[in-house]
Amino acid sequence: MDLLPRSPAEFGSARYWDRFFRQRGQRPFEWYGAFPELCPVLHKYVRPRDKVLVVGCGNSELSEQMYDVGMCEDIVNVDVSDAVIRQMQERSRTKRPKMSYLLMDMLQMDFPDAHFQVVLDKGTLDAILTDEEEATLAKVDKMFAEISRVLQVGGRYLCVSLAQAHVLKKAVEYFSQEGWVVRVHQVAGSRDKQQFVLPVFIYVMTKFRKIPGSAPQILEICPEEQDKPMRVESVERLVAAVKDRQHYALLCSQLSKLPCGEQVSLDLCDKESGRPRYTLHVVDSPSVKSSRDNHFAIFIIPQGRETEWLFGTEEGRRQLATSAGFRRLVTVALHREQHYEGMAGIQAELSGKVMELAPPGLPARQQVPFVSVGGDIGVRTVRHRDTSTLSGEYVIEDVKGDGTCYFRRLIFLRNRNVVQSEARLLAPMPLPGQKKRRKDKKKPSPTEPPAAIDKSYLCCEHHKAMVAGLCLLGGPNPLPGTPLAVLVVGLGGGSLPLFIHDYFSQAHVAVVEIDPSMLEVATRWFGFSQDDRMQVHVSDGLDYVAKLAAEAPAQYDAIMFDVDSKDLTVGMSCPPPAFVEKPFLQKVKTTLKPEGRSEDLSMSLRPGWPALGGV
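- By the naming in an unreviewed UniProt entry, the chain goes by eEF1A lysine and N-terminal methyltransferase and is assigned to Accipiter nisus.
- Taken directly from UniProt, the Sequence similarities (unreviewed entry) text for the chain runs: "Belongs to the methyltransferase superfamily."

1. A short note on the sheet that holds strand β13 (residues 328–334)
As a general point, the strands of a sheet are linked pairwise by backbone hydrogen bonds and lie either parallel or antiparallel.
Argument step 1. Taken in spatial order, the five strands of this open sheet run β10-β11-β13-β12-β14, and their pairing is mixed. Two strands close off the open sheet at either side, each with one partner strand: β10 (264–269) and β14 (370–372). Recorded for the sheet is a direction-independent mean angle of 25 degrees between the axes of neighbouring strands.
Argument step 2. Note: strand β12 (residues 296–300) against β14, three bridges, orientation parallel. Bridge pairing in β14 links Ile298 to Phe370.
Argument step 3. Each of β10, β11 (276–284), β12, β13 and β14 is contacted by helix α11 (residues 342–354), which is oriented at about 130 degrees to β14, the strand it contacts most.

2. Observations concerning empty space enclosed by the protein
Argument step 1. In the structure shown here, the tally under the stated rule is one cavity of 30 Å³ or more.
Argument step 2. Reported here for the largest cavity is a volume of approximately 80 Å³.
Argument step 3. Lining the largest cavity are 13 residues, and of these Ala423, Ile453, Ser495, Leu498 and Phe526 sit closest to its centre.
Argument step 4. Those elements that provide at least two residues to the lining of the largest cavity are β18 (419–425), β19 (453–454) and α13 (495–503).
Argument step 5. Of the residues assigned to the lining of the largest cavity, the class counts are six nonpolar, four polar and three charged.

3. Observations regarding helix α14 (residues 516–525)
Argument step 1. Where α14 is concerned, the buried positions are Ser517, Met518, Leu519, Val521, Ala522 and Trp525.
Argument step 2. The elements touched by buried residues of α14 are β15 (380–388), β16 (392–400), β17 (406–412), β19, β21 (507–513) and β22 (534–538).
Argument step 3. Sitting at the amino-terminal end of α14 is Asp515, which places a side-chain oxygen 3.0 Å from the backbone nitrogen of Ser517.
Argument step 4. Gly527 sits one or two positions beyond α14 and adopts a positive phi of about 70 degrees.

4. A look at unusual backbone geometry
Argument step 1. Look at Ala114: it is not a glycine, yet its phi comes out positive at around 50 degrees.
Argument step 2. On the secondary structure map, Ala114 appears in the loop between β3 (100–103) and β4 (116–122).
Argument step 3. Despite not being glycine, Ala163 has its phi angle at roughly 60 degrees, a positive value.
Argument step 4. Structurally, Ala163 is set in the loop between β5 (151–161) and α7 (165–177).

5. Overview of the confidence of the model for the chain
Argument step 1. In the predicted model, the chain carries a mean pLDDT of 82, and the fraction of residues at 70 or more is 81%.
Argument step 2. Low confidence marks residues 439–450, where pLDDT is under 50. Its contacts with residues over four positions away, or in another chain, come to 15 contacts.

6. Quick notes on the pairing of β4
Argument step 1. Burial analysis of β4 places seven of its seven residues in the buried class, the great majority of the element.
Argument step 2. Examined bridge by bridge, strand β1 (residues 52–55) and β4 share four bridges and lie parallel to one another. Paired with Val55 across the two strands is Asp121, which belongs to β4.

7. Focus on the packing of aromatic side chains
Argument step 1. The tally for this structure, following the rule as stated, stands at 14 aromatic pairs.
Argument step 2. Pairing Tyr157 with Phe175 gives two aromatic rings, centres 5.5 Å apart and planes at 55 degrees, and the pair type is tilted. Here Tyr157, found in strand β5, pairs with Phe175, found in helix α7; they are 18 residues apart in sequence, far enough to count as distant. The exposure classification of Tyr157 matches that of Phe175, with both residues buried.
Argument step 3. Their ring planes at 25 degrees and their centres at 4.5 Å tell us that Phe499 and Tyr503 sit as a pair that is stacked. Pair noted here: Phe499 and Tyr503 are both in helix α13, with a separation of four residues, about one helical turn.

8. Things to note about the environment of Ser265
Argument step 1. Position of Ser265 relative to the elements: it lies in strand β10.
Argument step 2. For the pair Ser265 and Val283, spaced 18 residues apart in the sequence, the C-alpha separation amounts to 9.1 Å.
Argument step 3. Contacts of Ser265, omitting those with residues within four sequence positions, involve Leu251, Leu280 and His281.

9. Topic: helix α16 (residues 582–591)
Argument step 1. Within α16, burial applies to Phe584, Leu585, Val588 and Thr591. When α16 is viewed along its axis, its buried side chains cluster within an angular range of 115 degrees and face the same direction. Residues Lys582, Pro583 and Lys589 are exposed on α16 and point more than 90 degrees away from its buried face.

Definitions and cut-offs
Residues numbered from 1 in each chain as written. Predicted model: local features only at pLDDT ≥ 70, side-chain atom pairs only at ≥ 80, totals over all residues. Heavy atoms only, no water. UniProt positions renumbered as here; feature names shortened; annotations may be inferred. Pairing = 2+ DSSP bridges. Helix = DSSP H or I, 4+ residues; strand = E, 2+ residues; numbered from the N terminus. Axes fitted to C-alpha atoms, helices over the stretch in contact; angles between N-to-C directions. Contact = heavy atoms within 4.5 Å. 1 Å grid on protein atoms, 1.4 Å probe; cavity = no way out; pocket = protein on both sides within 12 Å on 5 of 7 lines; lining within 4 Å. Points joined across faces, edges and corners; volume = space filled by probe spheres on them. Nonpolar A, V, L, I, M, F, W, Y, C, P; charged D, E, K, R; others polar. Buried < 20%, exposed > 50% of the residue type's maximum accessible area, 1.4 Å probe, protein only. Polar contact = N/O pair within 3.5 Å; in protein donor to acceptor, adjacent residues only side chain to side chain. pLDDT = per-residue confidence, 0-100. Phe/Tyr/Trp six-rings, centres within 6.5 Å; stacked < 30°, edge-to-face > 60°. Arc of directions from axis to C-beta.

As structure tokens, this is what we get:
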């Protein structure tokens, strides 16, 4: 038996609905949303003494259930299908004497003006607004005008919808321009994603008298029925917020059939600012043997450690999930712009949301553990934040590593998952809220680092390889105190040139840095300083080397490139592609002494010597 229309236009045809309900018989047809799911929202806007009009009622049980639970009894139901009206009149005649069913076209109703306090629409608008053709939009305008006419001032139009973008936009624009208050509720689902994937929404349009002139629009969204409404500033933002929730629902449904080895990530945003608060990665480990207690767990990545290989890469997270012994692990990264009230606060905040990411078949009332390294959420203190004209926005932050070690990091926020520079601090900082032993001890100035920089620490493996390369200059057994002229292109926090300066006592180090802000950062926050053996030149490294090749060739024993790309659209980030093009490498060779060498993350120019490092 084919109940589907031949074209979307048939949804607006009385003949189609007569045939539909005759063929379907007495079985109720619910477009979407069962009464238990809709009730928490409806009871906020429907009062027992309200006179309620249900447009396009069909043979849905919604009106009957509202009547039976005492939500409201004075309910008038209208529909264009004579078959369904006679069916519903017969079904409710003796059981619900105060409720009526009338054969009527909602585009031209017989009711007087301002006759109802509530107009309820469950799927009718979605059925009519199937496209954006001129005739369809004219029909919808007529529907809205009739709803507006029969509603009293202060009355509510409640529209249950899937909130397709064109449907939501049309409804919100129409009623907000009429001066109505618009609020969109997301209906809390039954969690049965197999039956219906997309979330259901209820538009609540409250009628106000139209104020002459340009009165501000009041647009709000309630993500779930228990949440307070959030104000949004435009129709576009409201539509986008609904679309985000639809995408999230689709993602949750796809997790039940997540391909082996594939990971899904999403951001959960702060309700007030709209900025990301948590970044979640869902990792499945099919190889882990199933047991009663290892179905699902949440792993909180300590603050400041989200860039580490174990937490910041797909392979690392896969290893973490396998080692933890859970078939599904959700890793949670915390964002530096947000404040967190410890592990217990995070657990309370995330418990409801992460359960939507649980694997299928999770036993009822299963306790889902929240775990972390050392049982805490780590320490991250932002020491400085600024914007560079070349590098964009950046932060200097101190983070706690393993044990009692603390590190200072430079992060460019255009690529916030990459640590640009890192230095180890010699003395650990007190934890937030920890009492000082001496009351008379002065509080450190917020503009000064709280601890000394450990200049013997090299954070990057390629830095260690570069330094090792210096030891090979002059043959396998160089004489102690051999003078060296070293050019470092790229300053960052300055740890590489500082190490060379301090541990190669005869080295003269020239540093080229394109961004003058980085010289200030290195000096103020990373213990960098200049003297007669250490000089910084603010210049483009490409131009500086080209000028040396032309004017002062064969000047350096070693040239080191520690530069990143400012263009994130290129696949290569270290070094930028221009630094490995053959014409530039010829200039580097000209600048080197006959026995000199050039080093970067992947190359060596000294004849007969292997490349150093690699990342």
